[in-house]
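Structure at a glance
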Amino acid sequence: MSRLFGPDPAAPLSLDRRSFLRYAGLTAAAVGSAGLVAACGNDSSGPGNGTTPDGSRYGTVAVQLSWLKNIEFAGEYFADSRGYYKEAGFGSVNLIAGGAASTSVESGIGTGKIWIGMSAPQTTAPAVLKGLPLKIVGATYQKNPFCIVSSAAKPIRTPQEMKGRKIGVQDTNQLIFDALLAANGMTRSELTVVPAQFDPTPLANGEVDGWVSYFTNEPIILGAKGFTNFSFLFADYGLPLVAETLTVHQRTIDSERDKLKAWLKADIRGWQDAIADPAESARLAVEVYGKDQQLNLGEQKQEALAQNGLLESPETKANGLFTMSDKLIADNIAALGKAGIDIAADKLFDMSVLKELYAEDPSLIK
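Residues numbered from 1 in each chain as written. Predicted model: local features only at pLDDT ≥ 70, side-chain atom pairs only at ≥ 80, totals over all residues. Heavy atoms only, no water.

So, about the nonpolar core. In this structure, Met 162, Phe 177 and Trp 263 are the most contacted members of the largest nonpolar core, which totals 97 residues. Here this core spans two domains, and each of domain 1 (60-143 + 241-364) and domain 2 (146-236) adds at least three residues to it. Not counting the four nearest positions on each side in its chain, Met 162 is found in contact with Ile 148, Ile 156, Ile 167, Phe 177, Leu 180, Leu 181, Met 186, Glu 190 and Leu 191. Grouped together as the second largest cluster of nonpolar side chains are 7 residues, Val 149, Leu 203, Val 208 and Phe 227 included. (Core = buried A, V, L, I, M, F, W, Y, C linked by side-chain atoms within 4.5 Å. Buried < 20%, exposed > 50% of the residue type's maximum accessible area, 1.4 Å probe, protein only. Domains from an automatic or database assignment. Contact = heavy atoms within 4.5 Å.)

Dropping the structure here:
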């Protein structure tokens, strides 16, 4: 997937959004120390069946988002605001913002403070390899939003076109960038890597030719400043990692299966609404759930439209949102291997809960 981004007078002019720290480093840093594995604690969400103190079937659950409350979690906003979680049997669902200073999803699940969270394979896999029994049970984004953005006047359309060019790469994204190079038979000697922060102003100023970016964010913001740009996704060039993956503890799959299916069903309904109504997705992000973030309505709507292309695929249209085929799982395992993370598919992914859910309620596939 590629896209040309031009000016949009409705979008903001600031360049202060830092969207990449959630996928920082492709390392096991999110796990903390090995002692975390032993600190699993009790499930903070309450009993998995019967009646909870608030009178609901499943009580309250804590859901950690991978980043601050912006458009990226529109499906959860719909599921909450339209009562889908309550219909599914939850007294309340606490949507906890992530961010640079927050505890990682993996750590939160390991300590029992979080019941389910949005993460990424390259973050969860190292935690599993260190002994934390986590599983990815679904993928909200069928494609990882990492991309290379460049000027439309001198576009970089493929990885091969990075040869001989200067590419701005943030410290936390060095490994995933190297994985992109490896996936395309390239080495750093064929281009110039310029250490960068997250503000893409050096790209706009012509100091570099390309910039490691996030497809649904920086290209849109740059376009709003009048910098017409072009971008290509890592996922389209040998690095098909999914993103915003739904991660749980193994005990949730084993002991709270019906509860997990109930939450997934509500969340699927929320994302179906979000995909169908980008304008309302943006309003919920700007005026309700992310109202303290000073988000811009025009930009958030553009991001909603952009992320729709990452949420849906021919496979999800045939099998339902969040699903991953055996091939897509295998592709992710191979992509992790290119990043130096070797893990077996059955140690990281478990699609059995989603398969059961869609088999029990085929009407969810839309």
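Text resumes after the structure shown.
The side chains of a regular strand alternate between the sheet's two faces. Buried residues dominate strand 9 (residues 210-214), accounting for 5 of its 5 residues. The sheet contact formed by strand 6 (residues 146-151) and strand 9 spans 5 bridges and is antiparallel. Counterpart to Ser 150 in the pairing with strand 9 is Gly 210. As paired elements, strand 7 (residues 166-170) and strand 9 share 2 bridges and run parallel to each other. Residue pairing for strand 9: Ile 167 is matched across the bridge by Gly 210. (Helix = DSSP H or I, 4+ residues; strand = E, 2+ residues; numbered from the N terminus. Pairing = 2+ DSSP bridges.)

Assignment of secondary structure puts Arg 57 in the loop between strand 1 (2-5) and strand 2 (59-64). Between the C-alpha atom of Arg 57 and that of Phe 90, which follows or precedes it by 33 residues, the distance is 6.3 Å.

Tallied over the entire structure, the rule returns 15 salt bridges. Glu 360 serves as the salt-bridge partner of Lys 261, at 2.8 Å between the closest nitrogen and oxygen. Note that Lys 261 is positioned in helix 9 (residues 257-276) and Glu 360 in helix 15 (residues 352-360), a separation of 99 residues in sequence. A salt bridge links Arg 283 to Glu 287; its shortest N-O distance comes to 3.3 Å. On the criterion of helical spacing, the pair formed by Arg 283 and Glu 287 is a turn pair, its members being 4 residues apart in helix 10 (residues 278-289). Residues joined in a network through salt bridges with shared partners are Arg 257, Asp 258, Lys 261, Glu 356 and Glu 360. (Salt bridge = Lys/Arg side-chain N within 4 Å of Asp/Glu carboxyl O.)

All we've got here are geometric facts, nothing functional implied.
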